[in-house]
Structures are given as structure tokens and as C-alpha cells.
Amino acid sequence: MRSLWFIPHGNTVTEPEESTGYRGGWSSTLHPISTKQAAAVAAHGRRRAREMLSLLEGAGFIATEAGSEYWSETELVGEGFNRFDKGYNGRVHKVAADLTLPGSTSDIALLARRFADLPPSVIERVRADTPDKTYTLFLPRQHGHAGTVKITKREDPPRITVNLLATSKRYFYRWDKREPVWKILLRNQTEEGHEDRRAREIARLGFSSRDWPVHAELPDGISESEATDRVRLYLMGAGVDTAAATFRARRTDSGWDVAISGDPALDALGVLRITDAGRINPLDE
């Protein structure tokens, strides 16, 4: 069945992404991920990670250092008609960061139950890996990235830590089990070593790994939709019921002022300010 290489496999759709100008498209065994698509996938992943960050910061967690952003080395994607014909020919984009909840009085089981009570559109499910010590939150796929949050209770000093991870779908980027047609035709005219090929692939993806400053100011500023989404998630992380909430954002020099209304409790929240670096505070702070 390998001769049916012309049938596309490993199809992965990428949504449009405003900051990169990407209009949407797909990758497959016939259309490997392009540089512009890779930039859009990475931008989508950073936004998903920022949304997860706001949810956790609403719950009191603090990021004390930069996170990381990287393309996984190899992931299995089908290469032929046979679904078992797979090669290490895919890449997955990931964004990760660690946060801490200071203090020793927090009940990790109660915290996990609070997250479990959130709507499935925010938290799909919560798994108790080690009751009273480790829990994993599973977040639905948004912007092409699924999310997981691992919550761990630690000692010395007493604290609760979380690791957030946003993970994209698999994107086909090269043939693993068979050589490209161009290389077969030019077999005696060109040779490409492993390091050369890896450098070429990294150049197409834009980077292999790099730091992800969790509160870096976005070059073009935060968008209105991201501002309202992150304020909503921040409030949900803080335990506020936002089901009846309405959010109205007004642009400022360095971010957005987001007014919350819907019922007396929500009206009392007034206005929250989110900066272009993603920091959320009451307007009077």
C-alpha cells in the first residue's frame, strides 16, 4: 500500500490567526507544514497558554519565572494508505509554564473540586493521580491546542505548584520512511546530512525551543476578544459565576478596561484592567 503515497494522510487543519496574517489551511503528507502555518500554530498555542495562565492566576497562582515553548522532536503521522504505516514525521507545538500557590493552608482536594465544578467548556475533567497530593486538569481544545494542568502539593516549603501545558495537534513536516522524489532524482548530485536536514526543518518551523515570558507585552497589543476571554477566565478561577456576565472592553494606552455587568454581584466587580502584558487588576490599583 505504500505505493499509494499520493493519497493525503495526516491532515491537520489550522484556523486563521490574526497576528501572523495566516488565513487558515491544512497540512498533510502532500502539504507539509509551512513556515507561515507554523508561525500561526505557535501564535495560537501562546494564546491558549495565556488563557490558561489567567484562569490559574484568578485562583491565586503566581508565575515566578519564564515558561518554555518548543516543537516536539518527532511524532507519529501516517505516511501511506495503510493506517499502520506511520513514521516519525510529525511535529507538535507545546507551551509550558510553572506556577506556585504560596502558603501551606490550601486544601489541594478542595482546590481540585473547585476546578471540577467549572463548566466543561473550561475544564473537561479532573483526574486524581494521587489523592490529596497530585491532580491533573484536562482543558478542551481551543485555538488548536488542548490543555493540561498538573497540580501538586509539595513540602519544604509547603506550597502547591502547577504545571500548565498547551499541546497542538500533530503536523506532518517530512517523509520518514521514504525519501522525497527530488532526492531520489538527484541522488548522485546532492547529499544532505542529519544536521543539515534538522537545521532546514527548524528554519521552516521558526525555532526548535525558546523561552516563553508569561507576561511579555504583545507587540501589537492584546486583542479585544483575548482581553474579555482572559478576564472571564480570571474571574472563574477566582470562583465567580460568570454565566450571566456581560463584558464590555474599552481600549486604553496599555491594554483594556473591561466592565463587568449582569446581576448585582457582577455589577459590584466594576471594571478590571488587563494590560498588553496580560496582568489583570482592579481599575483603582
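What follows is about the pairing of strand 9 (residues 145-154). Inspection of the sheet shows strand 8 (residues 134-142) paired to strand 9 by seven bridges, in the antiparallel sense. Across the sheet, Gln 142 pairs through a bridge with His 145, a residue of strand 9. In this structure, the hairpin formed by strand 8 and strand 9 is closed by a connection of two residues, where His 143 is found at a positive phi of approximately 55°. With 10 bridges connecting them, strand 9 and strand 10 (residues 159-168) associate as antiparallel partners. Across the sheet, residue Gly 147 finds its bridge partner in strand 10, namely Ala 166. Where strand 9 folds back on strand 10, the antiparallel hairpin that results is connected by four residues, among which Asp 156 adopts a positive phi of roughly 55°.

Moving on, we come to the environment of Leu 55. Counting through the fold element by element, Leu 55 comes out in helix 1 (residues 35-58). Along the primary structure Leu 55 and Ala 238 are separated by 183 residues, whereas in three dimensions their C-alpha atoms are 7.9 Å apart. Contact partners of Leu 55, with chain neighbours within four places excluded, come to Phe 115, Leu 118, Val 122, Ile 123, Leu 139, Leu 233, Tyr 234, Met 236 and Gly 237.

The next subject is the layout of surface pockets. Considered as a void within the structure, the largest pocket measures approximately 670 Å³ in volume. Along the wall of the largest pocket there are 26 residues; nearest its centre are Glu 17, Ser 19, Arg 50, Leu 218 and Glu 226. By residue number, the principal contributor to the lining of the largest pocket is helix 1, which donates five residues. Counted by class, the lining of the largest pocket contains nine nonpolar, seven polar and 10 charged residues.

Considering all chains together, one arrives at 12 salt bridges under this definition. A salt bridge links Arg 47 to Glu 51; the shortest N-O distance between them is 3.1 Å. Linking Arg 47 with Glu 51, this pair stays in helix 1, spanning four residues, or about one helical turn. One exposure class covers both Arg 47 and Glu 51, and it is buried. Across the pair Arg 210 and Glu 69 runs a salt bridge, and its minimum N-O distance is 3.1 Å. Residue Arg 210 is located in strand 12 (residues 209-212), and its partner Glu 69 is located in strand 3 (residues 67-71); the two are separated by 141 residues in the primary sequence.

Right, let's get into the nonpolar core. Nonpolar side chains in soluble globular proteins tend to end up buried together. Among the nonpolar cores identified, the biggest contains 32 residues, and Leu 55, Leu 56, Phe 61, Phe 115, Val 149, Ile 151 and Leu 164 are the most heavily contacted of them. Elements represented by at least two residues in this core include exactly helix 1, strand 6 (93-101), helix 2 (108-116), strand 8, strand 9, strand 10 and helix 5 (224-237). Those residues in contact with Val 149 that sit more than four places away from it in its chain are Met 52, Leu 56, Tyr 135, Thr 136, Leu 137, Leu 139, Val 162, Asn 163 and Leu 164.

Now for helix 1. Compared with the 34 Å implied by 1.5 Å per residue over 24 residues, the 35 Å span of helix 1 between its first and last C-alpha is a close match. The element helix 1 is extensively covered by neighbouring structure, given that 20 of its 24 residues are classed as buried. One or two residues past the end of helix 1 sits Gly 60, with phi positive at roughly 105°.

Calculation criteria
Residues numbered from 1 in each chain as written. Predicted model: local features only at pLDDT ≥ 70, side-chain atom pairs only at ≥ 80, totals over all residues. Heavy atoms only, no water. Pairing = 2+ DSSP bridges. Helix = DSSP H or I, 4+ residues; strand = E, 2+ residues; numbered from the N terminus. Contact = heavy atoms within 4.5 Å. 1 Å grid on protein atoms, 1.4 Å probe; cavity = no way out; pocket = protein on both sides within 12 Å on 5 of 7 lines; lining within 4 Å. Points joined across faces, edges and corners; volume = space filled by probe spheres on them. Nonpolar A, V, L, I, M, F, W, Y, C, P; charged D, E, K, R; others polar. Salt bridge = Lys/Arg side-chain N within 4 Å of Asp/Glu carboxyl O. Buried < 20%, exposed > 50% of the residue type's maximum accessible area, 1.4 Å probe, protein only. Core = buried A, V, L, I, M, F, W, Y, C linked by side-chain atoms within 4.5 Å. Expected span 1.5 Å × (residues − 1).

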